[in-house]
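Listed below, chain by chain, are the residues.
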Amino acid sequence: LGCCSGCSHSVGGEAVRAYPFCTMRCTVRRLIVYTVLITLISYTGFRLTQPVSIPNSNPAANVGIVISAGVQAGGETREPRMGASEPKIDVASITPIVPTETRVDDLEEQPTSSPPPPQPAQPRAPPPPPTPLLGADDQVVVKAEGNATVETEVNATRIHVGKPGEYVAPKSKLAEDNQLTAELVGRYAEDNIVMVTWANHHYHDFVRNWVRNVRKCGMRNYMVGAMDNELLEKLIDDEVPTFAMQSGLTTKDFGWGTANFHKMGRKKIELIHLFTEMGFDILVSDVDTVWLRNPLPYMAKYPHADVLTSSDHLANTAEGEGLEDPRKAHSAANIGIMLLRHTAKELAKEWVDVLERDDKVWDQNVFNDLYRRGGGPSVKDDKNVVTGYDGKLKVGILPVSMFASGHTYFVQRMHEKVGIEPYVVHATFQYSGTEGKRHRMREALLWEDSPEYYDPPGGLLVFTPDVPKELLDNSQSVEGHFDLVNHQILQVRSALQVAQKLGRVLVMPELYCGFDRWWAPHKGTIPGSDTTLPYLCPMDHVFEVETWMREQPVEEFGPHIDFREYSFFRNPLVPTNVRDSTVTVSLVDECGREECTQAVGKAAPAGQNTIVAARNFTDVQVQTLLTEYKDVKVLNFTSMVGAFSRFEDLEDAKKFSNRIKKYAAIWCCKHRNPGHIWYDMEFDIVPHVDRHNRKWDGGKNKWKLVTGP
């Protein structure tokens, strides 16, 4: 190395060795140089063979994903930077169980947010196929051109390459191991579309019902956002594709119109923006929906539509199975069911921006303002797709008969009129909060409960309702409507009294209404709707379902009275042993000439299929009558008209009165302020005090229809 040239000198033209200390200095220099070279060589080899450390700012790190060279978080592929001697990697040839090369300089840092979302790749058309999720124990192989294979171990990981939509369990139930990333979405997306709903722990049963019906439709490209850790853990136990939203909101009922409700809505719009920014098409579905058919083939008929949205319109304007006519279906779009393709990401971004600037604006109103801006029904094509959002997007209104609201399905039964099976039902236009939604679905046989729901301890009580044709024919006025409903309320009250005394679950009868119920004045039907009067009305049109469900102190309200929907015995989930264990109780005006099975006030003999008894019994008398039939699953009363007379214990009567005072709801509305009228389950009792402490004692103060309070 020439380092010792200074340790010699010339004497007489010949080189002479230097002093010993100079020789030592030369040796030390050699050792230093050798050490540096060896260190550099070792470090270079170390860097070439070690796995990549993903920066914390990369969203993939949030779910324990290792990204291989040439694969970005958005599912997009790109060529890694290489020297002239490096083989060109074909990412499309990734197959399991072989290591791959990963390089730090091929990874792009991306900003984070809270909770950390995946950041989008640059816009692309068309969107790429999804990238498989890299699991904790997976490896990949990357094949190079020229039959060469590059095999380098990556953190000893292995890819689980499964069919699209196949459930993959996360590393743990911790939120940090279940963050939303493009790789995770790509696992479940099909044809770049993923159906998404979200909920908190309070709505776990709604999620289970939603998932159950989506699976029945044969769909696998769905995900559920967990707004709290309690739901996240349950969804993982249920093997439902999920991701942590960490919303920080309540784990209880959001309550329509409350601050929590509006905050939840903003989380929903943030999700829409996130999915579209990642390059995916998102089929948004509120959790209070029930899917009956796979909608994707229908939506595929409109590939040029950037947005397909459901609507609150209450009349059918579609031809056949086409989209609604935007010139006629002018009601608000309902964002509880809508497809937004990734091409609508600019709208989604502005949607989020508007909501962030004003915490009081309603998310649905914002969408309607945005999509209608700069467009209108006059700018439509032959498939009823309109131009909107300043001419940037194409928007279609889904048919209200097939993408049904709570009114077109449960009240109008529009699908029956047009003879088309719906794709989905959304529990809107309903009352009684969450309990009302659940009960509506039960009435329509769209809800599945646990087995014990269909075979309750203590048995069931059902009766045949009396709905005279005369009352139906004369129900086309407010007064006629109340005559019809009050006649049915008296029967329900008697049935509740008997059910409470016998400790049985009451199966509600079908209820018929002469006038529809709405939030504003009307003349029988909601303006613009196709409702046919009179109609089979949901229970929440007459009763406050959530009050019926609420447990009350027994010492003040008497024993709780459980109940079931009117369609209960049409449900195939009711066990055969329940149906077969039925005794009929036939009521007559009076027992004469041995017409009744037993003497008045006596117990019916055991082993009868039909018991004949006189109506107008007391609570003690009906309990005595059916002493031998406690183990019978179903008691079927042929009538409840005038069936029950009174409680023999005045304290029991007072408790029952306390209970039912708040059972009845309101009818709305007359053209007054206030315009609503309260139903009163004791309207016929003189005297009585109603839920608002108004005393009705007969004479000049006889009960009558009054609006308010």
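Bear in mind that the values here come from a model prediction, so they are computed numbers and not experimental data.

Draft legend 1. Structural context of the overall build of the chain. Helices and strands together make up the secondary structure of the chain, namely 18 helices and 32 strands. Within the chain, the fraction of its 709 residues that count as buried is 51%.

Draft legend 2. Quick look at helix α8 (residues 363-372). Summarising burial for α8: seven of the ten residues are buried, a large majority. Residues of α8 that are buried include every one of D363, Q364, V366, F367, N368, L370 and Y371, and no others. After α8 finishes, the residue G374 shows a positive phi value of roughly 70 degrees.

Draft legend 3. Summary view of the sheet that holds strand β15 (residues 386-388). If you trace the eight strands from one edge of the open sheet to the other, you get β10-β9-β8-β11-β14-β13-β16-β15, paired in mixed fashion. The strands lining the two open edges of the sheet, one partner per strand, are β10 (242-244) and β15. Strand-to-strand, the axes of this sheet are offset by a mean angle of 35 degrees, without reference to chain direction. The pairing of strand β13 (residues 307-311) with strand β14 (residues 333-340) spans five bridges and is classified as antiparallel. Note that in β14 the partner of S310 across the bridge is N334. Running at roughly 60 degrees to β14, α8 makes contact with β13, β14, β15 and β16 (393-397) of the sheet.

Draft legend 4. View of the state of the cysteines. If you walk through the whole model with that rule in mind, you get three disulfides. Residue pairing for C591: its cysteine sulfur links by disulfide to C596, the two sulfurs lying 1.6 Å apart. Its S-S torsion of approximately -85 degrees makes the covalent link between C591 and C596 left-handed.

Draft legend 5. Inspection of the packing of helix α13 (residues 478-502) against helix α18 (residues 650-660) at higher detail. Packing of α13 against α18 brings their axes to within 12 Å, and their N-to-C directions diverge by 125 degrees. Comparing the axis directions of α13 and α18 gives the class oblique. Here α13 runs over α18; the crossing is right-handed. Contact residues: R493, L496, Q497 and Q500 in α13; F656, R659 and I660 in α18. Counted by class, the contact of α13 with α18 contains three nonpolar, two polar and two charged residues.

Draft legend 6. Representation of the pairing of strand β9 (residues 222-226) within the structure. Most of β9 is tucked away, with five of its five residues classed as buried. Note: strand β8 (residues 193-199) against β9, five bridges, orientation parallel. Across the sheet, residue M195 finds its bridge partner in β9, namely Y222. In this view, the connection linking β8 to its parallel neighbour β9 by way of helix α3 (residues 204-216) has right-handed handedness.

Draft legend 7. Representation of the packing of aromatic side chains within the structure. With the rule as written, the count across this model stands at 26 aromatic pairs. Clustering of aromatic rings is evident, with ring pairs tying together Y298, Y302, F403 and Y423. One Lys or Arg, R564, reaches over the ring of Y453 and ends 3.9 Å from the middle of that ring.

Draft legend 8. Molecular detail of the pattern of salt bridges. If you walk through the whole model with that rule in mind, you get 27 salt bridges. A salt bridge links D562 to R564; the nearest nitrogen and oxygen atoms lie 3.1 Å apart. The class for D562 is partly exposed, based on a relative accessible area of 28%.

Draft legend 9. Representation of the sheet that holds strand β18 (residues 424-426) in the model. Ordered in space as β12-β18-β17, the three strands form an open sheet in which the pairing is mixed. A single partner strand is all that each edge strand has here, and the edge strands are β12 (289-291) and β17 (403-404). Note that β17 and β18 share two bridges and pair parallel. Each bridged residue has a counterpart across the sheet, and for F403 the counterpart in β18 is V424.

Draft legend 10. Representation of the side chain of K437 within the structure. Relative to the helices and strands, K437 is located in helix α11 (residues 433-443). Setting aside chain neighbours within four positions, we find K437 in contact with F206, D288, A427 and Q430.

Draft legend 11. Structural context of unusual backbone geometry. The linkage connecting N673 with the following residue, P674, adopts the cis geometry, with an omega of 0 degrees. As for its position among the elements, P674 is in the loop between β29 (666-667) and β30 (677-678). In the segment running from G708 into P709, the intervening peptide bond is cis, with an omega of -5 degrees. Within the secondary structure layout, P709 lies in the segment after β32 (695-696). One non-glycine residue, N192, lies in positive phi territory at about 70 degrees. The residue N192 is located in the loop between α2 (182-188) and β8 in this model. In this structure, R413 is a non-glycine residue whose phi angle is positive, near 55 degrees. Its location among the elements puts R413 in the loop between α9 (406-410) and α10 (414-418). On the basis of relative accessible area, R413 is assigned to the partly exposed category, the value being 23%.

Conventions and cut-offs
Residues numbered from 1 in each chain as written. Predicted model: local features only at pLDDT ≥ 70, side-chain atom pairs only at ≥ 80, totals over all residues. Heavy atoms only, no water. Helix = DSSP H or I, 4+ residues; strand = E, 2+ residues; numbered from the N terminus. Buried < 20%, exposed > 50% of the residue type's maximum accessible area, 1.4 Å probe, protein only. Pairing = 2+ DSSP bridges. Axes fitted to C-alpha atoms, helices over the stretch in contact; angles between N-to-C directions. Contact = heavy atoms within 4.5 Å. Disulfide = S-S within 2.5 Å. Parallel < 35°, antiparallel > 145°, perpendicular 65-115°, else oblique. Left-handed = near helix turned anticlockwise from the far one by under 90°. Nonpolar A, V, L, I, M, F, W, Y, C, P; charged D, E, K, R; others polar. Right-handed = clockwise from strand over helix to strand, strands pointing away. Phe/Tyr/Trp six-rings, centres within 6.5 Å; stacked < 30°, edge-to-face > 60°. Lys NZ or Arg CZ within 6 Å of the ring centre and 35° of its normal. Salt bridge = Lys/Arg side-chain N within 4 Å of Asp/Glu carboxyl O.

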